[in-house]
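# Analysis of the macromolecular model
Each chain is listed here by its residues.
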Amino acid sequence: MSEGRHAFITGGGSGIGLAAAHALAATGAKLTLAGRNLEKVSAAADEFEFAHAVACDVTDEASVDAAFDAARDRYGAVDILINNAGQAPSAPFKRTTLEFWNKVLATNLTGAFLCTHAALPDMLDRKWGRIVNVGSVCSLRGYAYVSAYVASKHGLLGFTRALAHETAKQGVTVNCVCPGYVDTPIIAESVERIREKTSLSAEEAHASLIQFNPMGRIIAPEEVASAIAYLCTDAAASINGAALPITGGEI
Ligand code: NDP
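First, a word on scope: everything that follows refers to the structure included in this document. (Residues numbered from 1 in each chain as written. Predicted model: local features only at pLDDT ≥ 70, side-chain atom pairs only at ≥ 80, totals over all residues. Heavy atoms only, no water.)

### Description of the overall build of the chain
Helix and strand counts for the chain stand at eight helices and seven strands. Taken against the 2.2 N^0.38 rule, which gives 18 Å for 251 residues, the C-alpha radius of gyration of the chain at 17 Å falls within 12% of a compact globule. Summarising its shape, the C-alpha atoms of the chain cover approximately 55 × 35 × 35 Å along the three principal directions. Among the 251 residues that make up the chain, the fraction classed as buried is 51%. A separation of at least 24 residues holds for 69% of the contacts in the chain among residues at least 6 apart in sequence. (Helix = DSSP H or I, 4+ residues; strand = E, 2+ residues; numbered from the N terminus. Rg over C-alpha atoms; globule rule 2.2 N^0.38 Å. Buried < 20%, exposed > 50% of the residue type's maximum accessible area, 1.4 Å probe, protein only. Contact = heavy atoms within 4.5 Å.)

The structure is reproduced here in structure tokens:
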């Protein structure tokens, strides 16, 4: 249980982040929901008894620091950090410009670095902390047309593994969940992009995405959220530096 603990969730206004918020709230956590779109995260925060929203662009250090200051003012030091904010644009490598590459890396990898920098000192002081990074099946294998995304998610898993070693004796665990295709707004955007760029219908585009899952279905955000919430419990104290595939058996 996470009774009374303070969880900071980036990208907490939708998809996996919002589902994780519900799973953590069910275990008694107080929530800070962070995202660039304050209206969206505020509407999400309204769904909970103990939650508030903060505007936060994870690619901007000043914005991250201000968001953590606001979070501490509201609910005290952060005990649980869910590095979930991300974007998943696709492009063939020859159209992957430096600008495109930098944007994906900044959000999916440097964003987790900046938020961890803001959260970790309090966890180390208090000798208890949980960091869960939302990686992807793309942390564990490659696919065509998503080189920047796959590199960012492999990087996020590398970051997880290294930091887990560093904090292992200090009560702080760092883990990475690695989902396959999950039913969230990011996937709706991917289906739309495939439909625009190919002759596939929306149903065929959807089928092309779930073809890799041996269960032949899209994963529900709640399935990822329950794994995240478990990793944040005392019971999961010895699970550290793990990459947890949530892929229906693909990995
Ligand atoms: P969503 O689009 O619902 O969530 C992405 C969230 O990230 C949004 O809430 C968005 O909020 C936030 N975000 C994006 N950029 C920034 C930024 N610069 N600063 C702060 N917040 C940002 O999709 P998902 O729930 O699917 O995505 C959540 C995570 O799950 C991502 O890291 C994604 O890579 C990962 N994932 C998703 C899979 C899937 O199939 N859906 C599979 C594997 C991993 P806002 O716009 O308000 O900033």
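Picking up where we left off.
### Focus on the pairing of strand 5 (residues 129-134)
Both faces of the sheet carry side chains from a regular strand, because those side chains alternate between them. For strand 5, the buried fraction is high: six of the six residues fall into the buried class. The alternating pattern of strand 5 places Gly129, Ile131 and Asn133 and Arg130, Val132 and Val134 on opposite faces, both of which are buried. In this sheet, strand 5 lies alongside strand 4 (residues 80-83) in parallel orientation, the contact comprising four bridges. When the sheet's bridge partners are listed, Ile80 is paired in strand 5 with Arg130. Crossover strand 4 to strand 5 through helix 4 (residues 98-126) is right-handed. Pairing analysis gives six bridges linking strand 5 to strand 6 (residues 172-179), with the strands arranged parallel. When the bridges of strand 6 are listed, Val132 appears paired with Asn175. Remark: the strand 5/helix 5 (residues 147-167)/strand 6 crossover connection has right-handed handedness. (Pairing = 2+ DSSP bridges. Right-handed = clockwise from strand over helix to strand, strands pointing away.)

### Looking at helix 5
Between its terminal C-alpha atoms helix 5 stretches 30 Å, which fits the 30 Å expected from 21 residues at 1.5 Å a residue. Those residues of helix 5 that sit buried are Ala148, Tyr149, Val150, Ser152, Lys153, Leu156, Leu157, Thr160, Leu163, Ala164 and Thr167. On its buried face, helix 5 is in contact with helix 4, strand 5, strand 6 and strand 7 (243-246). (Expected span 1.5 Å × (residues − 1).)

### Description of the pattern of salt bridges
Applying the stated criterion across every chain yields a total of seven salt bridges. In this structure, the salt-bridge partner of Arg72 is Asp69, at a minimum N-O distance of 3.1 Å. Here Arg72 and its partner Asp69 are both found in helix 3 (residues 61-75), three residues apart, which amounts to about one turn of the helix. For Arg72, a relative accessible area of 29% gives the class partly exposed. Taking relative accessible area as the criterion, Asp69 reaches 42% and is therefore assigned partly exposed. (Salt bridge = Lys/Arg side-chain N within 4 Å of Asp/Glu carboxyl O.)

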